[in-house]
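Understanding the architecture of this molecule
The residues making up each chain are set out below.
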Amino acid sequence: SNWLTMKTSGVISMVVLLPVAIALISTRRYRVFRLFKERMVAESAWVDTFTWAAESGHGIYSLGPRETAAVEQRYTEETKAFVSKHQAARDFANDSVWIARWLGDGVY
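Residues numbered from 1 in each chain as written. Predicted model: local features only at pLDDT ≥ 70, side-chain atom pairs only at ≥ 80, totals over all residues. Heavy atoms only, no water.

Moving on: the environment of Ala42. Summarising the element assignment, Ala42 is placed in helix α1 (residues 2–55). On the basis of relative accessibility, which here comes to 10%, the residue Ala42 falls in the buried class. For Ala42 and His86, which are 44 residues apart along the polypeptide, the C-alpha to C-alpha distance reads 8.6 Å. Discounting residues that sit within four places of it in the chain, Ala42 has contacts with Ala81, Phe82 and Lys85. (Helix = DSSP H or I, 4+ residues; strand = E, 2+ residues; numbered from the N terminus. Buried < 20%, exposed > 50% of the residue type's maximum accessible area, 1.4 Å probe, protein only. Contact = heavy atoms within 4.5 Å.)

Next comes the structure, spelled out in structure tokens:
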């Protein structure tokens, strides 16, 4: 009797949690894709500016104060945009791992 109750409760928990897990994963999948795509675009802009600055090393010394300030401002803004998008994508991806682990533990 006790074994049958445990077996039945295990099957019921799997039947209930499996559709919930699939629904959560499918709705989060689109958001993960969007966050990583935004991160990729921001990273590309940041790397382009960094590459330009690295390749123009000697030419940067010939820039005036306004031009130097504009380059620094652009790099700072692109760094801030990239880091915020990177952190959002990283945190959401890590949350996805914890949700899957939590649902697995719930079924167990």
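The discussion continues.
Before going further, it helps to spend a moment on the packing of aromatic side chains. One pair of aromatic rings is described through two measures. These are the centre distance and the angle between the planes. Per the stated rule, a full pass over the model turns up 4 aromatic pairs. Ring geometry for Trp46 versus Phe50: centroids 6.1 Å apart, planes at 20°, classification stacked. Here the residue Trp46 and the residue Phe50 both occupy positions in helix α1, the gap between them amounting to 4 residues, near one helical turn. For Phe50, a relative accessible area of 45% corresponds to the partly exposed category. Measuring from centroid to centroid gives 5.3 Å for Trp46 and Phe82, while their planes differ by 15°, and the two rings are stacked. Pair noted here: Trp46 is in helix α1 and Phe82 is in helix α3 (residues 65–107), with a separation of 36 residues, a long-range link. Assessed through its relative accessible area of 23%, Trp46 is described here as partly exposed. An aromatic cluster is built from Trp46, Phe50, Tyr75 and Phe82, whose rings are joined through pairwise contacts. (Phe/Tyr/Trp six-rings, centres within 6.5 Å; stacked < 30°, edge-to-face > 60°.)

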